[in-house]
Amino acid sequence: MIISSPLTETWLPLLVAALIQAGLALGVGLLSLLSGHALASKSNKKQKLNLNKLSISYILGYFLVTLSSLANLSYLFLIYDGPYLGDIWVWLSVIAILVGYVVLMFYYRRGNKGTQIWLPRGAAEYLFNRTRKVKSSFEAFLLGSASVLAEFVFAIVPLTISALIISVMTTDGQLIGILIYSLVATSPLVVIWLMQSTGGKLSAIQTWREKNKIFLQVVSGAMMILLGSYLLIQKVFGALSWQ
């Protein structure tokens, strides 16, 4: 017997999906690079102010693209009136499981001591070079936005799952759900910024990321597999009433 409740049907899967996106490494990696270049390009008196300005703009870009992507997907499902919503859930659950295995196997480049991820080398070099050229808040905002889009192949899975859940909530619930997801997905960037603002060293943050990258990769992949499996089982037994 599957226990069904508003918590297990909506908020728990929504939170897990947000944590999956939060575990993606590109956003944190680019913010760390951006911060390093900002610190190196200014005098000591201007370093902290410049770092805060660029970091906040970067985080805002990441947050707003995540929020708008989720809101638009939720609206599409809200107005969808087709007969295949149950099939969509099944296929999405299977895709989540498959993508989870891809994360487990291929997310970080093997044989590399750093934190290089799956991105094609040309794309990685382009983004790296962009972090060196960022001088204004607007450029930092665009870079934060691009970091979401560059990993959309992974982020689209938790975003779509969350959009399906949110689309059947009440209006107030939809707004709260979109906001909670976006805040949780952005929270690692906020933590990095707060650590830097309070005197944390970028080298220490990068060392921690390198030491724990396998753990983070396993957690992200496993969470996606578990979420897909949970939703698939629920749909097979007809325990959910989302359609």
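Residues numbered from 1 in each chain as written. Predicted model: local features only at pLDDT ≥ 70, side-chain atom pairs only at ≥ 80, totals over all residues. Heavy atoms only, no water.

Some thoughts on the overall build of the chain
Next, step 1: Helix and strand content of the chain: 10 helices and 0 strands.
Next, step 2: Ordered by position in the sequence, the α and β elements of the chain form the string α-α-α-α-α-α-α-α-α-α.
Next, step 3: Partitioning the contacts of the chain with sequence separation of at least 6, the portion at a separation of at least 24 is 84%.
Next, step 4: Of the roughly 12600 Å² that the chain leaves accessible, carbon and sulfur atoms contribute 69%. (Helix = DSSP H or I, 4+ residues; strand = E, 2+ residues; numbered from the N terminus. Contact = heavy atoms within 4.5 Å. Areas by Shrake-Rupley, 256 points an atom, 1.4 Å probe, with all protein chains shown as cover.)

Structural notes on the environment of arginine 209
Next, step 1: You can see arginine 209 is positioned in helix α9 (residues 202-211).
Next, step 2: A relative accessible area of 9% places arginine 209 in the buried class.
Next, step 3: On a C-alpha basis, the gap between arginine 209 and glycine 29 in space is 9.1 Å, while along the polypeptide they are 180 residues apart. (Buried < 20%, exposed > 50% of the residue type's maximum accessible area, 1.4 Å probe, protein only.)

As for the environment of serine 32
Next, step 1: In this fold, serine 32 is placed in helix α2 (residues 26-40).
Next, step 2: Accessibility expressed as a relative area gives 13% for serine 32, which makes it buried.

Here's the deal with empty space enclosed by the protein
Next, step 1: Tallying each qualifying case throughout the model produces 2 cavities of 30 Å³ or more.
Next, step 2: Looking at the largest cavity, the residues that line it are Gln21, Leu24, Gly27, Tyr62, Ser147, Val148, Glu151 and Ala155.
Next, step 3: Class assignment for the residues of the lining of the largest cavity results in 4 nonpolar, 3 polar and 1 charged.
Next, step 4: What the second largest cavity holds in volume is close to 30 Å³.
Next, step 5: Every residue along the wall of the second largest cavity is listed here: Gly23, Leu24, Val103, Tyr107, Tyr108, Leu216, Gln217 and Ser220. (1 Å grid on protein atoms, 1.4 Å probe; cavity = no way out; pocket = protein on both sides within 12 Å on 5 of 7 lines; lining within 4 Å. Points joined across faces, edges and corners; volume = space filled by probe spheres on them. Nonpolar A, V, L, I, M, F, W, Y, C, P; charged D, E, K, R; others polar.)

Considering the confidence of the model for the chain
Next, step 1: Averaged over all residues, the pLDDT of the chain is 81; the fraction at 70 or higher stands at 77%.
Next, step 2: In this model residues 239-243 is a low-confidence stretch, pLDDT under 50, and it forms 18 contacts with partners more than four residues away in sequence or in other chains. (pLDDT = per-residue confidence, 0-100.)

Some details on helix α8 (residues 171-197)
Each turn of an α-helix holds 3.6 residues, which means side chains three or four residues apart point in the same direction.
Next, step 1: Look at α8: 37 Å from first C-alpha to last across 27 residues, which is about the 39 Å you get at 1.5 Å a residue.
Next, step 2: Remark: the principal bend of α8, roughly 45 degrees, maps to serine 187, with a proline, proline 188, within the next four residues. (Expected span 1.5 Å × (residues − 1). Bend = angle between axes of the 7 residues up to and from the residue.)

Structural notes on the nonpolar core
Next, step 1: Of all hydrophobic cores here, the largest spans 34 residues; its most connected members are Leu70, Tyr107, Ile161, Tyr181 and Leu227.
Next, step 2: Those elements that provide at least two residues to this core are α1 (6-22), α3 (44-79), α4 (85-106), α7 (152-166), α8 and α10 (213-236).
Next, step 3: For this core, the element with the highest residue contribution is α7, accounting for 9 residues.
Next, step 4: Apart from the residues within four sequence positions on either side, leucine 70 is in contact with Leu159, Ser162, Ala163, Ile166, Ile178 and Tyr181.
Next, step 5: Formed by 18 residues, the second largest nonpolar core is a distinct cluster that contains Leu54, Val134, Ala140 and Leu143. (Core = buried A, V, L, I, M, F, W, Y, C linked by side-chain atoms within 4.5 Å.)

Overview of a nonpolar patch on the surface
Next, step 1: Residues Tyr75, Leu76, Leu78 and Ile79 make up a contiguous nonpolar surface patch of about 420 Å² in total accessible area.
Next, step 2: For leucine 78, the position within the fold is in helix α3. (Patch = residues over 30% accessible without salt bridge, like charges linked within 9 Å, V, L, I, M, F, W, Y side chains within 5 Å. Salt bridge = Lys/Arg side-chain N within 4 Å of Asp/Glu carboxyl O.)

Topic: helix α6 (residues 137-150)
Next, step 1: Taking 1.5 Å per residue as the helical rise, α6 with its 14 residues ought to reach 20 Å, and the 20 Å between its terminal C-alpha atoms agrees with that figure.
Next, step 2: Looking at α6, one finds that the buried residues are Ala140, Leu143, Gly144, Ser145, Ser147 and Val148.

Let's talk about the packing of α7 against α8
Next, step 1: Relative orientation of the contacting elements α7 and α8 amounts to 160 degrees, with a least axis distance of 10 Å. The orientation of α7 with respect to α8, classified from their angle, is roughly antiparallel. For the pair α7 and α8, the sense of crossing is right-handed. Two secondary-structure elements touch here, α7 through Pro158, Leu159, Ser162 and Ile166 and α8 through Gln174, Gly177, Ile178 and Tyr181.
Next, step 2: Residues of the contact of α7 with α8, tallied by class, amount to 5 nonpolar, 3 polar and no charged. (Axes fitted to C-alpha atoms, helices over the stretch in contact; angles between N-to-C directions. Parallel < 35°, antiparallel > 145°, perpendicular 65-115°, else oblique. Left-handed = near helix turned anticlockwise from the far one by under 90°.)

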